[in-house]
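# Chains, contacts and geometry: an overview
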Amino acid sequence: MTTLQDHLAECLEIIENGEGVDVALDRFPGWKAELRPLVETAVALHRVAPSTPPENFRANLHYRLVNEAKKPKTRWSLRWNWRSMVLRTVTVLVALCILGTGTMVASADSLPDSPLFSFKLAGEQAQVRITLNRAQRQRLRVFLVEKRMNEVAAMLRSQGRLNERAIVLLGRETEAALRDLEKNPDKSSVAPLEKMIVLLRVRTTRFFTKSSGQRCRSGSMSKRRVAKWFQ
Amino acid sequence: MQEQESEESLIRAAQRDPAAFGPLYERYVDRVYSYIVFRVGNPAVAEDLTSDVFLKALEKLGSYQWRALPLSAWLFRIASNCLIDRWRRLAKMKPVPLDGDLGSTAGESDLDSLLGKRLTRQELVKAVSRLTEWQKQVIALRFAAGLPVAETAKAMGKSEGAVKDLQHSALVALRKHLVGKGEDR
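In this text the structure is predicted, and so the values were computed from the model without any measurement. (Residues numbered from 1 in each chain as written. Chains lettered and ligands numbered in written order. Predicted model: local features only at pLDDT ≥ 70, side-chain atom pairs only at ≥ 80, totals over all residues. Heavy atoms only, no water.)

## Observations regarding the overall build of chain B
Along the backbone of chain B there are 8 helices and 2 strands. The order of helices and strands in chain B, counted from the N terminus, is α-α-α-α-β-β-α-α-α-α. Expressed as a percentage of the 185 residues in chain B, the buried residues total 50%. Taking the contacts inside chain B whose residues are at least 6 apart along the sequence as the reference set, 62% of them involve residues at least 24 apart. Total accessible area on chain B stands at roughly 8600 Å², and carbon and sulfur atoms take up 48% of it. (Helix = DSSP H or I, 4+ residues; strand = E, 2+ residues; numbered from the N terminus. Buried < 20%, exposed > 50% of the residue type's maximum accessible area, 1.4 Å probe, protein only. Contact = heavy atoms within 4.5 Å. Areas by Shrake-Rupley, 256 points an atom, 1.4 Å probe, with all protein chains shown as cover.)

See the structure below:
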């Protein structure tokens, strides 16, 4: 439904397009009496309200805008760019840290047949590298040998046979620990490593006794390797 | 339609090269100044604010999108925000001080056609000061800046129907105040 407000707006539009007040009002014969006072007020406003800026102000502002536009980069925008670059770098680093930490946590209990196992090894190697104290590093090596040993046992339980990769890794870890110990003898580390080697010998012997001819072929590569390490 | 296309091409040119902002400035400076001077009532303050509006527009032109808002509505939104910022900063300054000095056309020009009586600009200004904030905004955009209803609606973020209602109520109130003034004489 068309209201007085709509007629008023339409009437003013006609006047704004250059028609006279009476011509515009004649288009709305039924509303003429109500529209006339409002249209007259609007016309008066149209005549009085607009102002033009002083010419010198117009010209000065135009000149100022042209100069602003010519500036290649403001210091503020450069600073903003620098800040945004730092912000982006920090965001990427934080994202990588979160991703890395998440992967490390997820891979903590992984076994050699898991795709996450490489992350676990990388994390351990990083941990060895950042451990500068010799005694602490050797203790860490012993701890890692024990870990590898537990992995061999876990794989054996789950697969019912010795896992080649687990054995190789156990060998590498043991060799690395022994090498480290030879280079930098630390009395406090010798005892736990020796204890570990004894434990390993006991476990493997038990395994070979239990599984003779069933789980692991006699004289297999794995068996020979394991035997060689403890000679 | 052609005007819209030419304005669009002017905007694109200015977005590519800010030095091409000149024609857009020339197109809108009078209307923006007129709107601001009507709202603040002080030509010197209006000049400062008009400068702020165009400097901000130049700075933000790169992010302006034609489809979202016509340039006039966008500019008047910037102007409106500049006014609000200024009023917040200078709490002493009233939104429409309307001291009767409305710039170059202020002077002694009279609103002589209204009701056949000679009403001064100062009386008109006093009448406007009694309107609500939205009514003042509609009057400033429609009659000082000369925006059509559709663009006024977009500049104010309201529907055209709401602007028509506000325009009607503002004119009724103004008429009432002015007639009262005339009868008091």
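Additional details are given in the paragraphs that follow.
## Side note on the confidence of the model for chain B
Low pLDDT means the predicted atomic positions in that stretch should not be read closely. All names here are of chain B. On average, residues of chain B score 79 in pLDDT, and 76% of them reach the 70 mark or higher. Helix H7 (residues 149-156) holds the highest mean pLDDT among the elements of chain B, 92, whereas strand S1 (residues 110-111) holds the lowest, 42. Per-residue pLDDT stays below 50 along residues 96-118; that stretch engages in 65 contacts with residues further than four places along the chain or on separate chains. (pLDDT = per-residue confidence, 0-100.)

## What about the packing of aromatic side chains?
Taken as a whole and judged by the stated rule, the model has 4 aromatic pairs over all chains. Residues Phe57(A) and Tyr33(B) carry aromatic rings whose centres are separated by 6.0 Å and whose planes lie at 40 degrees to one another, so their mutual orientation is tilted. Linking Phe57(A) in helix H4 (residues 55-70) with Tyr33(B) in helix H2 (residues 22-40), this pair reaches from one chain into another. Judged by centre distance (5.1 Å) and plane angle (80 degrees), the rings of Tyr25(B) and Phe54(B) are edge-to-face. Of the two residues, Tyr25(B) sits in helix H2 while Phe54(B) sits in helix H3 (residues 43-60), which places them 29 residues apart along the sequence. Residues Tyr25(B) and Phe54(B) agree in their burial class; the two are buried. The ring of Phe143(B) has Arg142(B) sitting right over it, with the charged end atom 5.4 Å from the ring centre. Above the ring of Trp134(B), the side-chain terminus of Lys158(B) is found at 4.1 Å from the ring centroid. (Phe/Tyr/Trp six-rings, centres within 6.5 Å; stacked < 30°, edge-to-face > 60°. Lys NZ or Arg CZ within 6 Å of the ring centre and 35° of its normal.)

## Points about H3(B)
With 18 residues, H3(B) ought to run about 26 Å at 1.5 Å a step, and its terminal C-alpha atoms sit 25 Å apart, in line with that. Within H3(B), the full set of buried residues consists of Pro43(B), Val45(B), Ala46(B), Leu49(B), Thr50(B), Ser51(B), Val53(B), Phe54(B), Leu55(B), Ala57(B) and Leu58(B). Each element contacted by the buried residues of H3(B) is listed here: H4 of chain A together with H2 and helix H4 (71-89) of chain B. The opening residue of H3(B), the one whose side-chain oxygen lies 3.0 Å from the backbone nitrogen of Ala44(B), is Asn42(B). (Expected span 1.5 Å × (residues − 1). Polar contact = N/O pair within 3.5 Å; in protein donor to acceptor, adjacent residues only side chain to side chain.)

## As for the nonpolar core
Within the largest apolar cluster, 79 residues are counted, with the highest numbers of intra-cluster contacts made by Phe21(B), Ile36(B) and Phe54(B). Per-element tally for this core: the top contributor is H2(B), with 11 residues. In this view, Phe21(B) contacts Leu65(A), Ala14(B), Phe54(B), Ala57(B), Leu58(B) and Leu61(B); residues no more than four positions away in its chain are not counted. (Core = buried A, V, L, I, M, F, W, Y, C linked by side-chain atoms within 4.5 Å.)

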